[in-house]
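Listed here are the chains, written in short residue letters.
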Amino acid sequence: MKNSDFRIQVKAFYAFLLVCISLLVLLSIVILLYNSNPDIFYSKKEIDTKDYIEVSKDDNYDKIENGIHIRTGFKEGEGLMETVNNCTNCHSAQLVIQNRMNKERWEETIHWMQETQNLWDLGDNEAIIINYLVTNYPPVKKGRRTILSTVEWYNLEDE
Ligand code: HEC
């Protein structure tokens, strides 16, 4: 009696051990597979987004035509991309283009945005951007009306 009990116990133990070992083997296969290819458990959809990004790159996101950066409307020039990357995130480029200022007023405007509108520190790019703006969008002088030059004056005659 006792002998057969012992045998049953040993068999049960072996069965248990076998299950444990097969689970371990299975787990290591899964880990090995994952290590060799981390994407193996993801669906194909996620791989598709990569294709999408590549297509838009081919499409030339920062295309320049006739000296105009198509996406923003900025003129081509030194410092264009620094300006595009830092000045079109919160408002359109049009707001920048409309405002023609000299160097000092651009500095003031940028510092005003930094103090009140969460504009980040531009570092070395600040000088590059201001130089781009002053070069390509200089202030237009619109002071007093110019003197009339082509008027034909007539004499008032007494009656
Ligand atoms: C963090 C957001 C942010 C960034 C980035 C930013 N601005 Fe602004 N800017 C604003 C806000 C907000 C206003 C106010 C908009 C309004 O009045 O409708 C503004 C207004 C302006 C104005 C109009 C100022 C006025 O007196 O009416 C100009 C010009 C301007 N920005 C230029 C720039 C330039 C140049 C850059 C790049 C250096 C830039 N902005 C980057 C947030 C930003």
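Residues numbered from 1 in each chain as written. Predicted model: local features only at pLDDT ≥ 70, side-chain atom pairs only at ≥ 80, totals over all residues. Heavy atoms only, no water.

- In the annotation of an unreviewed UniProt entry, the entry for the protein reads Sulfite dehydrogenase (Cytochrome) subunit SorB, and the organism field reads Maribacter vaceletii.

1. Some words on the overall build of the protein
Consideration 1: Each helix and strand in the protein was counted, giving 6 helices and 2 strands.
Consideration 2: Written out in order from the N terminus, the α and β elements of the protein read α-α-β-β-α-α-α-α.
Consideration 3: For the protein, with 159 residues in total, the buried portion stands at 16%.
Consideration 4: At a minimum sequence separation of 6, the contacts of the protein that also span at least 24 residues come to 45%.
Consideration 5: Accessible area for the protein stands at about 14000 Å²; split by element, carbon and sulfur atoms hold 57% of it. (Helix = DSSP H or I, 4+ residues; strand = E, 2+ residues; numbered from the N terminus. Buried < 20%, exposed > 50% of the residue type's maximum accessible area, 1.4 Å probe, protein only. Contact = heavy atoms within 4.5 Å. Areas by Shrake-Rupley, 256 points an atom, 1.4 Å probe, with all protein chains shown as cover.)

2. Here we look at the packing of helix 5 (residues 103-116) against helix 6 (residues 125-136)
Consideration 1: In the contact formed by helix 5 and helix 6, the axes pass within 10 Å of each other and the chain directions differ by 130°. Taken as axis vectors, helix 5 and helix 6 run oblique relative to one another. The crossing of helix 5 and helix 6 is right-handed. Of the residues in helix 6, those in contact with Lys103, Trp106, Glu107, Ile110, His111 and Gln114 of helix 5 are Glu126, Ile130, Leu133 and Val134. (Axes fitted to C-alpha atoms, helices over the stretch in contact; angles between N-to-C directions. Parallel < 35°, antiparallel > 145°, perpendicular 65-115°, else oblique. Left-handed = near helix turned anticlockwise from the far one by under 90°.)

3. Here's the deal with the site of the ligand
Consideration 1: Around the ligand, 18 residues are found, and the nearest of them are Cys87, Cys90, His91, Met113 and Gln117.
Consideration 2: Contributing elements (two or more residues each) for the shell around the ligand: helix 3 (80-87), helix 4 (93-98) and helix 5.
Consideration 3: No other element matches helix 5, which puts 4 residues into the shell around the ligand. (Near = heavy atom within 4 Å.)

4. Let's talk about the coordination of the iron atom of the ligand
Consideration 1: At 2.0 Å from the iron atom of the ligand lie its protein donor atoms, namely His91 (NE2) and Met113 (SD).
Consideration 2: Metal-centred angles of 86 to 179° between the 6 donor atoms at the iron atom of the ligand mark the site as octahedral. Separated by 22 residues along the polypeptide, histidine 91 in the loop between helix 3 and helix 4 and methionine 113 in helix 5 bring together distant segments of the chain.
Consideration 3: Under the relative-accessibility criterion, histidine 91 is labelled partly exposed at 26%. (Donors = N, O, S within 2.8 Å, 3.2 Å for Na, K, Ca; no water. Tetrahedral: all angles 85-135°; square planar, octahedral: opposite > 155°, others 65-115°.)

5. Regarding the side chain of asparagine 136
Consideration 1: The topology assignment puts asparagine 136 in helix 6.
Consideration 2: You can call asparagine 136 buried: its relative accessible area is 14%.
Consideration 3: What asparagine 136 contacts, discounting residues up to four positions off in sequence, is Lys75 and Glu76.

6. Some details on the packing of aromatic side chains
A ring pair, where both rings are aromatic, is described by two values, the distance of the centres and the angle of the planes.
Consideration 1: Under the criterion given, the structure shown has 3 aromatic pairs.
Consideration 2: Ring centres of phenylalanine 74 and tyrosine 137 lie 6.4 Å apart, and the angle between their planes is 55°; on these two criteria the pair is classed as tilted. With phenylalanine 74 in the loop between strand 2 (68-69) and helix 3 and tyrosine 137 in the segment after helix 6, this pair connects stretches of sequence that are 63 residues apart.
Consideration 3: Given the relative accessible area of 0%, phenylalanine 74 is considered buried.
Consideration 4: Residues tyrosine 132 and tyrosine 137 carry aromatic rings whose centres are separated by 6.2 Å and whose planes lie at 70° to one another, so their mutual orientation is edge-to-face. Both residues of the pair, tyrosine 132 and tyrosine 137, belong to the buried class. (Phe/Tyr/Trp six-rings, centres within 6.5 Å; stacked < 30°, edge-to-face > 60°.)

7. Digging into the pattern of salt bridges
Consideration 1: Within this structure, the stated rule accounts for 2 salt bridges.
Consideration 2: In this structure, arginine 71 and aspartate 62 form a salt bridge, with 2.6 Å as the shortest nitrogen-oxygen distance.
Consideration 3: A relative accessible area of 28% places aspartate 62 in the partly exposed class.
Consideration 4: Close ionic contact of glutamate 107 with lysine 103 constitutes a salt bridge, the shortest N to O distance being 3.4 Å. (Salt bridge = Lys/Arg side-chain N within 4 Å of Asp/Glu carboxyl O.)

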